Amino acid sequence: MSIRVEQLCHIYNEGLPHETKALSDVSFEIKSGIFCGIIGHTGSGKSSLIQHLNGLLKPKSGKIFIDGEEITAEGFPLRNIRRKVGLVFQYPEYQLFEETVLKDVAFGPLNLGFSQEEALEQAKQALELVGLPWEEFGERSPFDLSGGQKRRAAIAGVLAMKPRILILDEPTAGLDPQSHREILAMIRKIQETEGITILLVSHNMRDIAALSDQILVMDQGRIALQGTPKEVFSQGETLRKLGLDLPPAAAFAEELKNKGCALEELPLTIEEAEETILRWLKHKN
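Every value quoted in this text rests on a predicted model; they were computed, and no experiment measured them.

Thresholds, definitions, all that
- Residues numbered from 1 in each chain as written.
- Predicted model: local features only at pLDDT ≥ 70, side-chain atom pairs only at ≥ 80, totals over all residues.
- Heavy atoms only, no water.
- Core = buried A, V, L, I, M, F, W, Y, C linked by side-chain atoms within 4.5 Å.
- Buried < 20%, exposed > 50% of the residue type's maximum accessible area, 1.4 Å probe, protein only.
- Contact = heavy atoms within 4.5 Å.
- Phe/Tyr/Trp six-rings, centres within 6.5 Å; stacked < 30°, edge-to-face > 60°.
- Helix = DSSP H or I, 4+ residues; strand = E, 2+ residues; numbered from the N terminus.
- Axes fitted to C-alpha atoms, helices over the stretch in contact; angles between N-to-C directions.
- Parallel < 35°, antiparallel > 145°, perpendicular 65-115°, else oblique.
- Left-handed = near helix turned anticlockwise from the far one by under 90°.
- Nonpolar A, V, L, I, M, F, W, Y, C, P; charged D, E, K, R; others polar.

Novice: Account for the nonpolar core, with residues named and values stated.
Specialist: The biggest cluster of nonpolar side chains holds 50 residues, and the ones touching the most others in it are Val217 and Phe233. Setting aside its immediate chain neighbours within four residues, Phe233 contacts Ile39, Met205, Ile208, Ala209, Ile215, Leu239, Asp245, Leu246, Pro247, Leu266 and Leu268. Ile3, Val5, Ile167 and Leu199 belong to the second largest nonpolar core, which has 27 residues in total.

Novice: So what about the packing of aromatic side chains? Which residues, and what values?
Specialist: Given two aromatic rings, one states the distance between the centres and the angle between the planes to describe the pair. Following the criterion strictly, the structure yields two aromatic pairs and no others. Ring geometry for Tyr91 against Tyr94: centres 5.6 Å apart, planes inclined by 15°, an arrangement best described as stacked. For Tyr91, a relative accessible area of 29% gives the class partly exposed. A ring pair is formed by Phe97 and Phe107, whose centres lie 5.1 Å apart and whose planes are at 90°; its orientation type is edge-to-face. With Phe97 in the loop between strand 6 (85-88) and helix 3 (101-111) and Phe107 in helix 3, this residue pair connects regions lying ten residues apart in the sequence.

Novice: Please set out the packing of helix 3 against helix 4 (residues 116-129) residue by residue, giving values where relevant.
Specialist: Packing of helix 3 against helix 4 brings their axes to within 8 Å, and their N-to-C directions diverge by 120°. The angle between helix 3 and helix 4 falls in the class oblique. Handedness of the helix 3/helix 4 crossing: right-handed. Packed against helix 3, whose contacting residues are Val101, Leu102, Val105, Ala106, Pro109 and Leu110, the element helix 4 presents Gln116, Ala119, Leu120, Gln122, Ala123, Lys124, Ala126 and Leu127 at the interface. Within the contact of helix 3 with helix 4, the residues separate by chemical class into eleven nonpolar, two polar and one charged.

Novice: Any chance you could break down the side chain of Gln191 for me, citing the residues and the numbers?
Specialist: Checked against the element boundaries, Gln191 lands in helix 7 (residues 177-194). Non-local contacts of Gln191, meaning those with residues more than four positions away in its chain, are made with Gly33, Ile34, Phe35, Ile196, Ile198 and Asp213.

Following this line, the structure appears as structure tokens:
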């Protein structure tokens, strides 16, 4: 399912002393099935942007098209789009509330009008997808789960609504390294098995580089850069001016270049860096 945004603007507290322009003339397109990373320093407009994509915020001006439908059109039934666009906020486990994991995950589908039988079946499928088999975890209290498991259960609650676009706001924030890796592997598996469009907001450049097909870089409510990971991360000087870092592998390659080791291409992961350096050494010798 595709996303097209045209000249999107949003103003908080319009007409008041604390009026703030959160988004200004934002335009981009994300094709169906793409994994898009969204980066930018705190206050750059990332959260404001993603909340427009399922109608939680209404723009001052501009248009948003989801799968060709203009969701910003007057009178558009936003309930329809919320079936298609799932948004997982930062620390979603704080919203767990039911007595069992299965009931909690089934709450979203029930709220959208699915029958009890349909909601439970979709909840079971979602739990399997996030690596929490319902036979083992379904009847447990969500408050007895580990931090990483709670995060998975909360994401399952969104997946149970069968979205065709999944938006994740800092899904690994506050997790230990092991849980961090598990959540990333789960997100990759979801896209591979479900074929859905995924938007990932993150401050972790390593994660963005490893997962993304496309990157949007935001600064002061605008799109400062956009393109493939290699196109975006090849502009290290511009990114640093925006208060952002390069992925560790790219930063290391940049240091090597400054010392006279001109690698043939920019590596974005440790594995790519290893291969690129070995090729350079072989060619040099």
